[in-house]
Amino acid sequence: MKRVVITGATSFIGVHLICEWLKEECEIIAVVRPGSLNLPRLPENSQIHIVTLEMGDYDKLPLYIDKADYFYHLAWAGSRAPLRDDVSLQERNFKCSLLAMNSAVKMGCKMFMGVGSQAEYGSQGSTANENYPCNPTNEYGKQKLNTMLETRKIAQEAGMNFIWLRMFSVYGRYDYPKTMIATCLDKMSRNEQVDLTACEQLWDYLYVEDAAQAMVLFANKNVESGVYNIANGSVRPIKDYVIDMKEVTRSSSIINFGAIPYGEQGPVNLQPDTSKVQNMLGWHAQIPFKIGIAKSIGVI
């Protein structure tokens, strides 16, 4: 039976990853922080075994798990502003990630998957594939990039398959409540006025269940090591997504496009190239945005 280790198991993406793995015959080791308030998110299932550890104690994982096949490292503190620029916190994330990587080696894992971010690229002036120059503009992006570089070295030395996913704007149930999508849905559910920028920037949104499916496929298909963009692959102006949300929620909210000025950088586009993951993994997103929103709010 496959044994899967997942740090950050009760996180937004972690819970959906576990649900995707539960479709198979496997044992899941869910690594959670002491006192996690998100434990109720995990399904009650005999395939799931919980290990409670602080991130700084990830070097102790081999004491709880003698062998494992796949290691998913999702745990990361301070992924939202203003903590994204907390130097000491982001450096600690990097150090804890190295502890996780070294434990994966000791447990004899076949694959280590780290979850990176679009923030590693920084501002994108054009469509970004995995060879796009990385120029992160905040400490979060810098330490995500640093983590990728260092954990990749360890994996190469150990002969372990190494997958690093650069996630682009994943949304869905359990998402951070202050994202643009979550904020709009909250206001639309109460028919409140929604003030936004002109929303002209091009963006890509990926439903979380699609992301989880890709993460499991990487293990099952034994795809070659490397960095992979994980995104929907369909880029549209943000204004279109907002209109879609209003339609799905059947809200009477007034949408004030242009009520909020853009930041100093002006409208920032997000245009990921997903051709590598499509070619190497045979994966592409399957859930259209309107369906994803309907699932997020429990309509379907």
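Please read these numbers as outputs of a predicted model, since none were measured by experiment.

Asker: When you look at the side chain of Asn138 in this model, what are you seeing that I'm missing?
Answerer: Along the polypeptide, Asn138 turns up in the loop between strand 5 (111–117) and helix 4 (139–158). Note on Asn138: relative accessible area 14%, which makes it buried. In this structure the side chain of Asn138 is engaged in a polar contact, spanning 2.7 Å, whose partner is the backbone nitrogen of Gly141. What Asn138 contacts, discounting residues up to four positions off in sequence, is Arg84, Asp85 and Ala119.

Asker: Before we go on, may I ask you to explain helix 6 (residues 208–221) in this structure?
Answerer: Note on helix geometry: an α-helix contains 3.6 residues per turn, so any two residues three or four positions apart are oriented the same way. Between the first and last C-alpha of helix 6 there are 20 Å, a value that for 14 residues agrees with the 20 Å anticipated at 1.5 Å per step. Among the residues of helix 6, Val208, Asp210, Ala211, Ala212, Ala214, Met215, Val216, Phe218 and Ala219 are the ones counted as buried. Just beyond helix 6, the residue with positive phi is Asn222, at close to 50 degrees.

Asker: Which parts of the structure should I look at to understand the environment of Val223?
Answerer: With respect to the secondary-structure elements, Val223 resides in the loop between helix 6 and strand 11 (226–230). A C-alpha to C-alpha distance of 9.6 Å links Val223 and Val277, two positions 54 residues apart in sequence.

Asker: It is not clear to me how the layout of surface pockets should be interpreted in this structure. Could you clarify?
Answerer: Any empty space left between the atoms is revealed when a probe the size of a water molecule rolls over them. By volume, the second largest pocket amounts to about 190 Å³. For the second largest pocket, the full set of lining residues is Tyr171, Gly172, Arg173, Asp175, Pro177, Thr179, Ile181, Ala182, Leu185, Asp186, Ser296 and Ile297. For the lining of the second largest pocket, the element with the most residues is helix 5 (residues 180–189), which contributes four residues. By residue class, the composition of the lining of the second largest pocket is six nonpolar, three polar and three charged.

Asker: Any chance you could explain the nonpolar core here in plain terms?
Answerer: In summary, soluble globular proteins display a tendency toward joint burial of nonpolar side chains. Of all hydrophobic cores here, the largest spans 68 residues; its most connected members are Trp21, Tyr72, Met215 and Phe218. When sequence neighbours within four positions are dropped, the list of residues in contact with Trp21 reads Lys2, Val4, Cys26, Ile28, Tyr70, Tyr72, Val216, Ala219 and Asn220. Counting 27 residues, the second-largest nonpolar core is a separate cluster that includes Val51, Met55, Phe71 and Phe162.

Asker: I keep staring at the packing of aromatic side chains and nothing clicks. Help me out?
Answerer: Geometry of an aromatic ring pair is reported as the spacing of the ring centres plus the angle between the planes. For the coordinates displayed, the defined rule picks out 15 aromatic pairs. Ring geometry for Trp21 against Tyr72: centres 6.4 Å apart, planes inclined by 70 degrees, an arrangement best described as edge-to-face. With a gap of 51 residues between them, Trp21 in helix 1 (residues 12–21) and Tyr72 in strand 4 (residues 70–73) connect regions that are remote in the sequence. Using a relative accessible area of 0% as the deciding quantity, one classes Trp21 as buried. Since its relative accessible area comes to 0%, Tyr72 is described here as buried. Judged by centre distance (6.0 Å) and plane angle (40 degrees), the ring pair of Tyr205 and Phe289 falls under tilted. In this pair, Tyr205 is assigned in the loop between strand 9 (202–203) and strand 10 (206–207) and Phe289 in helix 9 (residues 289–296), connecting sequence segments 84 residues apart. Per residue, the accessibility class of Tyr205 equals that of Phe289, and both read buried. Ring-pair connections join several aromatic residues into one group, and the members of that group are Tyr171, Tyr205, Tyr207, Tyr241 and Phe289. The ring centre of Phe257 lies 5.0 Å from the NZ or CZ of Lys239, which sits over that ring.

Conventions used here
- Residues numbered from 1 in each chain as written.
- Predicted model: local features only at pLDDT ≥ 70, side-chain atom pairs only at ≥ 80, totals over all residues.
- Heavy atoms only, no water.
- Helix = DSSP H or I, 4+ residues; strand = E, 2+ residues; numbered from the N terminus.
- Buried < 20%, exposed > 50% of the residue type's maximum accessible area, 1.4 Å probe, protein only.
- Polar contact = N/O pair within 3.5 Å; in protein donor to acceptor, adjacent residues only side chain to side chain.
- Contact = heavy atoms within 4.5 Å.
- Expected span 1.5 Å × (residues − 1).
- 1 Å grid on protein atoms, 1.4 Å probe; cavity = no way out; pocket = protein on both sides within 12 Å on 5 of 7 lines; lining within 4 Å.
- Points joined across faces, edges and corners; volume = space filled by probe spheres on them.
- Nonpolar A, V, L, I, M, F, W, Y, C, P; charged D, E, K, R; others polar.
- Core = buried A, V, L, I, M, F, W, Y, C linked by side-chain atoms within 4.5 Å.
- Phe/Tyr/Trp six-rings, centres within 6.5 Å; stacked < 30°, edge-to-face > 60°.
- Lys NZ or Arg CZ within 6 Å of the ring centre and 35° of its normal.

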